[in-house]
Each structure stands twice: as C-alpha cells, then as structure tokens.
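The primary structure of each chain is shown beneath.
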Amino acid sequence: MDKQYVEMQIWSDSVANIVADEMLRCNLIKNDDFEDAVEVIGEEIFVRLICGDYPPPPFRVKLLAENTQK
C-alpha cells in the first residue's frame, strides 16, 4: 500500500478509537462492541479521505506548534 494511504489509515484508526471511546463513555455502544465500532468508524473516515473529503482550510494544514512563528 502507498505510504500516503498507510498514513491515512493510521490516522483514521486513531480518530476512530477516540470517537468510539467517547461513544462508549456516553453509553451509545456496549463495551463488547468497541472494537467493531472502531473498525467501522475508521473505515468510513479512511474512505472519505481517499475520496478527497477533507474539511475546509485551515484544517488540511498542520496546526498548533507546527505552525507557530516567533
């Protein structure tokens, strides 16, 4: 798989884990369904990224400390 796609998949899985964790905390999913939720959410995010479905700028640029200027 292309390095760009690997990075997208890693990022998608990371975000999916955060989303599923919050869904679990809010009792929207059961603990037994956590891994399945991460997989489904991550795949949806990944597909959207592949299709070029990004948020509008400035979200496509690196934020926080990487863009600060002295």
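Scroll up for the structure.
Everything in this summary refers to the structure shown in the same document.

What counts and what doesn't
Residues numbered from 1 in each chain as written. Predicted model: local features only at pLDDT ≥ 70, side-chain atom pairs only at ≥ 80, totals over all residues. Heavy atoms only, no water. Salt bridge = Lys/Arg side-chain N within 4 Å of Asp/Glu carboxyl O. Helix = DSSP H or I, 4+ residues; strand = E, 2+ residues; numbered from the N terminus. Expected span 1.5 Å × (residues − 1). Buried < 20%, exposed > 50% of the residue type's maximum accessible area, 1.4 Å probe, protein only. Arc of directions from axis to C-beta. Contact = heavy atoms within 4.5 Å. Core = buried A, V, L, I, M, F, W, Y, C linked by side-chain atoms within 4.5 Å.

1. Observations concerning the pattern of salt bridges
- A full pass over the atoms with the stated rule returns 4 salt bridges.
- Taking the shortest distance from any N to any O, the salt bridge between Glu7 and Lys3 comes out at 3.7 Å. Of the two residues, Glu7 and Lys3 both sit in helix H1 (residues 3-25), 4 residues apart, roughly one turn of that helix.
- Put simply, Arg48 and Glu44 hold a salt bridge, and the shortest N to O gap is 2.8 Å. A residue pair is termed a helical-turn pair when its members lie 3 or 4 positions apart in one helix, as Arg48 and Glu44 do in helix H2 (residues 34-50) at 4 residues.
- Overlapping salt bridges, with partners in common, bring together Glu44, Arg48 and Asp53 in one network.

2. A word on H2
- Here H2 contains 17 residues, and its C-alpha end-to-end distance of 24 Å stays within 8% of the 24 Å for a straight helix at 1.5 Å per residue.
- Taken together, the buried positions of H2 are Phe34, Ala37, Val38, Ile41, Gly42, Ile45, Phe46 and Leu49. In an axial view of H2, the angular spread of the buried residues amounts to 155 degrees, which keeps them on one side of the axis. Away from the buried face of H2 by more than 90 degrees, exposed residues Glu39 and Val40 are located.
- Against the buried residues of H2 lie H1.
- Positive phi appears at Gly52, one or two residues downstream of H2, with a value of about 85 degrees.

3. A closer look at the side chain of Ser12
- Examined against the element boundaries, Ser12 turns out to sit in helix H1.
- When sequence neighbours within four positions are dropped, the list of residues in contact with Ser12 reads Gly42, Ile45, Phe46 and Leu49.

4. Here we look at the nonpolar core
- Met8, Ala16, Ala20, Ile29, Phe34, Ala37, Val38, Ile41, Ile45, Phe46 and Leu49 together form the largest nonpolar core, which totals 11 residues.
- Looking at this core, the elements that each hand over two or more residues are H1 and H2.
- Looking at this core element by element, the count peaks at 7 residues for H2.
- Apart from the residues within four sequence positions on either side, Val38 is in contact with Asp13, Ala16, Asn17 and Ala20.

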